[in-house]
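# Structural overview for review
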Amino acid sequence: MERIYLTTPLYYVNAEPHLGSAYTMIITDTLARYYRARGWETFYLTGTDEHGDKIAQAAAQAGMDPKVFTDEISTTFRAVWDSCGFTYDHFIRTTDEYHVRSVQQLLDKIHEAGDIYFDRYAGLYCFGCERFYTEKELAGGKCPDHLTEPTWLEEENYFFRMGKYQEPLLHHIEAHPDFIRPEGFKNEVVAMLREPIGDLCISRPKSRLTWGIEIPFDKRYVTYVWFDALINYVSALKYKAEEAFQKFWPEAQHFIGKDILKPHGVFWPTMLMAAGLPLYKHLNVHGFWTVEGQKMSKSLGNVISPLVMKEKIGMDAFRYFVLRESVFGQDADFREENLTARYNADLANNLGNLVSRVLAMEQKYFAGVVQPLSTAWAKEDLELKNRFRQAEEELKGHMAELQFHRALEAIWAAIDHTNRYVVQTAPFSLYKDAGKRGRVGEILHHLLEAVRTIGRLISPFLPETAEELEALLNIPRPTAKQPSSWGQFFVPGHKVRPPKVLFPRIETAPDG
Ligand code: ME8
């Protein structure tokens, strides 16, 4: 049986879910739905990252104990994702006991193998990033992310011998060119590995931070951030059972934004090597969203909330827009006018009108009752069926390549073709001729097949709409096993429902 293990980053609980985190969720949810529908065994993981300075500070600001604070925000996160309808199989929290245990076991293992050592370190530390910077990495003496001057810090800590695995990792990437995708990000990681990567500081003394996971071999220290959070990808499976780990780990595909490329592309695989575990299959890296050309930020007040979008245009339309508007791996810009334009053109007009038209004609001419097909199909009927077969083939390739915008383009090309088929076959004119009504029944039968197939193809992307189409066609959920040959699905006499508006048009102000 084919399998896939999909993961998102674990989101920090110091910010609300927004367009950025929702984008990673939409991509992974779409893939999970796509592979499940194809009968693959799928495990889809998300969760929250809850330790570290930033969270401790946020809790202190809220006047709350960090555990109470993280319980609250993690619950909110989960509730938002649930109300967006994301179908994750497991939600992990870095404060979950099994995860804490798993991190400690891994620390012990790597420590015993001699790849964790104790040393004095002094350097420039950015509290925002929770890491030390080298002079070279700073921009004009400031942290390039936070634009603040780092603090000089001197302390004794535990270090992971990351440098030892630099060469083996480079070899692995050379032998598996699609280990990190798209290629531009692989090249970035290769460039990082061509410079000395050094070792990684993995602890904080409890005198400075208590909100972390205690180092099992030295209770004066905690580990936090990467040596904690990254391990979730393994601990979530081990929590299920060793068998789940054996089954899914070889098929692991991580999805992340480009901001966390180094931890996932360098820290994580070297940690896995030190722990004697196989590496993940793919690291899939996506670009960043801006809003009307600007960085999304609380202070600018331009943060796009998935729940507000759901309220405004519906979750399916929001999913459609972000997947259709962006190219996986590249940055994208969220613009209200583009959203409205795509919604009206692709969803309200192309898809929505087609479905209404087909169901309205079926209702008007045959009281919703599906008519028989003759054995001899007209050329345009065959072309219509083949057009969908072609779309399905193209979809497969695009999904494997994470080209979601192309996958949607392929489906919409078939929808366009269907709209042209209606114009070409003109059932509304034929119906006036009583002798041609049999042919009208056939045309509508083919159109109902088209609507059914559209529902199946769009279901990973627009799951609610797919369900609405099933309800309108009065048919059950397709299963992975169900044969779906065109022309053999609808039994003549089956009754479909009257049309309904799936995507009400958004009225825009007239130009000028
Ligand atoms: O980094 N555009 O958590 P985080 C696209 N806890 N994606 C965006 C985005 C934007 N403008 N802003 C955020 C962390 N993201 C760590 C991860 S993993 C073991 C630990 C998405 O809450 C994107 O997926 O800062 C990015 O990688 C993630 O949010 C970072 O989330």
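Note: the structure precedes this text.
The structure contained in this document is the topic of the report that follows. These numbers come from a predicted model, not from an experiment.

### Regarding the site of the ligand
Close to the ligand lie 23 residues, the nearest being Leu10, Tyr12, Thr24, Asp49 and Gly257. Note that a nitrogen atom of the ligand is positioned 2.7 Å from one of the side-chain N or O atoms of Asp49. In this structure, Asp259 approaches the ligand through a side-chain N or O atom, which is 2.9 Å from an oxygen atom. Protein contact buries 90% of the 670 Å² of open area that the ligand shows by itself. Sorting the residues of the shell around the ligand by element identifies strand S1 (3-12), helix H1 (19-37), helix H7 (226-229) and helix H8 (232-240) as the ones contributing at least two each. Top contributing element to the shell around the ligand by residue count: S1, with four residues. Taken together, the residues of the shell around the ligand break down into twelve nonpolar, nine polar and two charged.

### As for the nonpolar core
Taken as a class, soluble globular proteins show a tendency for nonpolar side chains to be buried jointly. Residues Trp81 and Trp249 are the most contacted members of the largest nonpolar core, which totals 160 residues. At twelve residues, helix H13 (residues 336-366) tops the list of elements feeding residues into this core. Leave out the neighbours within four places in its chain, and Trp81 touches Tyr11, Pro17, Ser21, Ala22, Met25, Thr46, Phe86, Tyr88, Phe91 and Pro306. With six residues, the next largest nonpolar core counts Leu124, Cys129, Tyr133 and Cys143 among its residues.

### Details of the side chain of Asn232
Within the fold, Asn232 resides in helix H8. Classification of Asn232 as buried rests on a relative accessible area of 1%. A polar contact is formed between the side chain of Asn232 and the backbone oxygen of Ala229, at a distance of 2.7 Å. Excluding residues within four positions of it along the chain, Asn232 makes contact with Leu10, Leu45, Ile92 and His99.

### Observations concerning the side chain of Thr340
Topologically, Thr340 is positioned in helix H13. What Thr340 contacts, discounting residues up to four positions off in sequence, is Ile506 and Thr508.

### Some remarks on the sheet that holds strand S12 (residues 252-257)
Overall, parallel pairing links the six strands, which are arranged S3-S2-S1-S12-S13-S7 in an open sheet. At either end of the open sheet lies a strand with only one pairing partner, and these are strand S3 (90-93) and strand S7 (180-181). As paired elements, strand S2 (residues 41-49) and S3 share four bridges and run parallel to each other. The partner of Gly47 across the bridge, within S3, is Ile92.

### Topic: the pattern of salt bridges
Taken as a whole and assessed by the stated rule, the structure comprises 39 salt bridges. When the shortest N-O distance is used, the salt bridge between Glu155 and Arg208 registers 2.9 Å. Placement of the pair is Glu155 in strand S6 (residues 151-160) and Arg208 in the loop between strand S9 (203-205) and strand S10 (213-214), with a sequence separation of 53 residues. Connected through salt bridges with shared partners, the residues Glu50, Lys67, Asp71 and Arg93 form a single ionic network.

Criteria and cut-off values
Residues numbered from 1 in each chain as written. Predicted model: local features only at pLDDT ≥ 70, side-chain atom pairs only at ≥ 80, totals over all residues. Heavy atoms only, no water. Near = heavy atom within 4 Å. Polar contact = N/O pair within 3.5 Å; in protein donor to acceptor, adjacent residues only side chain to side chain. Areas by Shrake-Rupley, 256 points an atom, 1.4 Å probe, with all protein chains shown as cover. Helix = DSSP H or I, 4+ residues; strand = E, 2+ residues; numbered from the N terminus. Nonpolar A, V, L, I, M, F, W, Y, C, P; charged D, E, K, R; others polar. Core = buried A, V, L, I, M, F, W, Y, C linked by side-chain atoms within 4.5 Å. Buried < 20%, exposed > 50% of the residue type's maximum accessible area, 1.4 Å probe, protein only. Contact = heavy atoms within 4.5 Å. Pairing = 2+ DSSP bridges. Salt bridge = Lys/Arg side-chain N within 4 Å of Asp/Glu carboxyl O.

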